[in-house]
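Residues per chain, in single letters:
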Amino acid sequence: MAARGEFSSRTAFVLAASGSAIGLGNIWGFPIKVASNGGGAFVFTYIILTFLLAYPILMAELVIGRYAKSDTVRSVNAVSTPGFRPLAFLTGYWGMLTASLILSFYAIVAGWMVSHGIGAVAELLGQSQTWFVADSVARSILFSAVFYVLTIAIVANGVASGIEKWSTRLMPVLILLIIALIIYIAMQPGAAEGWRVYLQPDFSKVLEPGLVVDALSQAFFSLSLGVGTMMIYGSYVSKSENLPKLGATVAGMDIGIAVLAGMLVIPAMYVAQHNGVVIYDDAGNLIESGRLIFNVLPSLFDTMGGAGAVVAMLFFALMSIAALTSSISMLEVPVAYASESRGIQRKKAAWLVGSGIFAFSLVIIFNAAWLFDWVVRIATEFSEPLIGILFCVFVGWVWQRDKLLQELKQGSPHVERTLFWKIWPTYVKFVCPLIVIGLLIRSFG
Ligand code: PHE
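As the structure is a computational prediction, the values presented were derived from the model and not from experiment.

A. Molecular detail of the overall build of the protein chain. Along its length, the protein chain carries 17 helices and zero strands. The C-alpha atoms of the protein chain give a radius of gyration of 21 Å, which matches the 22 Å a tight globule of 445 residues would have. With respect to the three principal axes, the spread of C-alpha positions in the protein chain is 65 × 50 × 40 Å. Each of the 445 residues in the protein chain was classed as buried or not, and the buried ones make up 54%. If you take every contact in the protein chain between residues at least 6 apart in sequence, the share linking residues at least 24 apart comes to 83%.

B. Fine view of helix 2 (residues 24-36). Over its 13 residues, helix 2 extends 17 Å from the first C-alpha to the last, a length consistent with the 18 Å expected when each residue adds 1.5 Å. With respect to burial, helix 2 is a largely interior element, twelve of its 13 residues being buried. Within the sequence span of helix 2, burial applies to L24, G25, N26, I27, W28, G29, F30, P31, I32, K33, V34 and A35. Phi for G38, located one or two positions after helix 2, is positive at around 80 degrees.

C. Spotlight on unusual backbone geometry. With a phi close to 50 degrees, K69 is a non-glycine residue in the positive phi region. Inspection of the secondary structure assignment puts K69 in the loop between helix 3 (40-68) and helix 4 (72-78). The exposure class assigned to K69 is partly exposed, which follows from the 17 C-beta atoms found within 10 Å. Even without being a glycine, S224 presents a positive backbone phi close to 60 degrees. Considering the arrangement of structural elements, one finds S224 in the loop between helix 10 (209-222) and helix 11 (229-235).

D. Examining the nonpolar core more closely. In terms of nonpolar packing, the biggest core is built from 158 residues, with A54, L58, V63, I64, Y106, L318 and V395 touching the most fellow members. With 21 residues, helix 14 (residues 306-340) is the single largest residue contributor to this core. Contacts of V63, omitting those with residues within four sequence positions, involve L243, V395, L404, E407 and L408.

E. Up close: the site of the ligand. Lining the immediate surroundings of the ligand are 15 residues, of which G23, G25, S224, T229 and S326 lie closest. For the shell around the ligand, the secondary-structure elements that each account for two or more residues are helix 1 (10-21), helix 2, helix 10 and helix 14. Across the shell around the ligand, the residue classes break down as six nonpolar, nine polar and no charged.

F. The arrangement of helix 3 in detail. Spanning 29 residues, helix 3 covers 40 Å between terminal C-alpha atoms, matching the ideal 42 Å at 1.5 Å per step. Where helix 3 bends most, at T50, the angle is about 45 degrees. The buried count for helix 3 comes to 23 of 29 residues, which makes it a mostly enclosed element. Remark: K69 follows helix 3 within two positions and exhibits a positive phi of approximately 50 degrees.

G. The arrangement of the environment of A110 in detail. Positionally, A110 belongs in helix 5 (residues 85-124). Overall, the presence of 28 C-beta atoms within 10 Å leaves A110 in the buried class. Along the chain, A110 and L225 lie 115 residues apart, while their C-alpha atoms are 20 Å from each other. Setting aside its immediate chain neighbours within four residues, A110 contacts F147, S320, A323 and S327.

H. Inspection of the environment of W28 at higher detail. Residue position: W28 is located in helix 2. A count of 21 C-beta atoms within 10 Å places W28 in the buried class.

I. A look at the environment of M96. Its location among the elements puts M96 in helix 5. Residue M96 is classed as buried on the basis of its C-beta count, with 24 C-beta atoms lying within 10 Å. Remark: the alpha-carbon pair of M96 and F13, spanning 83 residues in sequence, is separated by 21 Å.

J. Here's a closer look at the packing of helix 7 (residues 137-156) against helix 14. Contact geometry of helix 7 with helix 14 gives a least axis separation of 9 Å together with a crossing angle of 60 degrees. On the basis of the axis angle, helix 7 is oblique to helix 14. Seen along the crossing, helix 7 lies across helix 14 with a hand that is right-handed. From helix 7, L150, T151, I152, I154 and V155 reach across to helix 14, where they touch L324, S327, I328, L331, E332 and V335. Across the contact of helix 7 with helix 14, the residue classes tally to eight nonpolar, two polar and one charged.

About the criteria used
Residues numbered from 1 in each chain as written. Predicted model: local features only at pLDDT ≥ 70, side-chain atom pairs only at ≥ 80, totals over all residues. Helix = DSSP H or I, 4+ residues; strand = E, 2+ residues; numbered from the N terminus. Rg over C-alpha atoms; globule rule 2.2 N^0.38 Å. Buried ≥ 20, exposed ≤ 12 C-beta atoms within 10 Å, placed from the backbone. Contact = placed C-beta atoms within 7 Å. Expected span 1.5 Å × (residues − 1). Core = buried A, V, L, I, M, F, W, Y, C linked by C-beta atoms within 7 Å. Near = placed C-beta within 6 Å. Nonpolar A, V, L, I, M, F, W, Y, C, P; charged D, E, K, R; others polar. Bend = angle between axes of the 7 residues up to and from the residue. Axes fitted to C-alpha atoms, helices over the stretch in contact; angles between N-to-C directions. Parallel < 35°, antiparallel > 145°, perpendicular 65-115°, else oblique. Left-handed = near helix turned anticlockwise from the far one by under 90°.

Keep in mind these values describe shape, not function.
Okay, structure coming up:
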């Protein structure tokens, strides 16, 4: 078997893992959930849940991955005991299936981002952008295919010369783009009202069940948890790195970019409203999220005259880049399995698995809305939290405690003096599963 890949540095891992975490979930999902859930109140609950729940589970995935240094199915098995083998296989395969399901709808949406971006370029060149921005089956197929080719090509090149190389190039661009767009939007008339809504929390909403559940699924999805993505990235981290610190950096970056995305999208909504675009329906509810991104914001860009097409191009480039560094991390889960456990050469594995998932995207495109919504819900509201619990069960209940602690000490010799060391192992064992189960019961009950 060929040598396993590894990230070449701490920064490379942080950028790749943040690239996975930062995606449509941050730049699209987060601001919209904020706007429909009492502004700052949602931001508050989401940040609390990220610290209390998502970060501990992120650490569970990273530690298992770095210990086993293998694909996710083998990694879960590596921390298992013979009696738990069936559950270990179930967990690994279910995660892999969920990663693939997420990619199957994510790539469709990402394709729309790409086509809107190209539409803006067409407009800048004095051409019509209509075909690129109008909803059609042909457009969905063509641009999701383009997006799959990019994703597959990167993953096919492996960890260092594929995933790492592109994540470290694209993430700085993403951060610059988002800051530039925030500044530009903040200077437009109407933006101030958006900033007010964003920063002023309506604390009466903090404990509303709808808000808490939205914040939970957001925290999971946004940190790429419960599918094995962070486990596989963790498996490419060197034994000499301090994992708790790396995990905290990634969680911090993820929250940071979500908060920045809010500073972009929410003021932009209010600029659009100022310019006469409807963003709340008669009942006072925020309009449907797809319409917000693909209709409201583009019509806002249209009202900005000559600069509008440039802003639109940059905005959709931002979205596409964020999506790409996430989609490669989804595809990596089944590809690592195909190449490590099944012995298929990586390039071949990437194209085979990627085409298979693309085929499923086609099924979704042809069946339109109901299947799309169904896949999103099964994957994100149901599978991700449950698999997250299973990861905690393996770390807390199945894995021999001294081996777990030994792995934690690798690369962090002073970890025994930290609060993390004292609390986390017991915390993932009891508290994380209970919080998730409690919130799930609340959402399905
Ligand atoms: N975290 C990504 C986002 O916010 C989505 C993702 C989910 C990526 C699961 C990988 C695995 O868009």
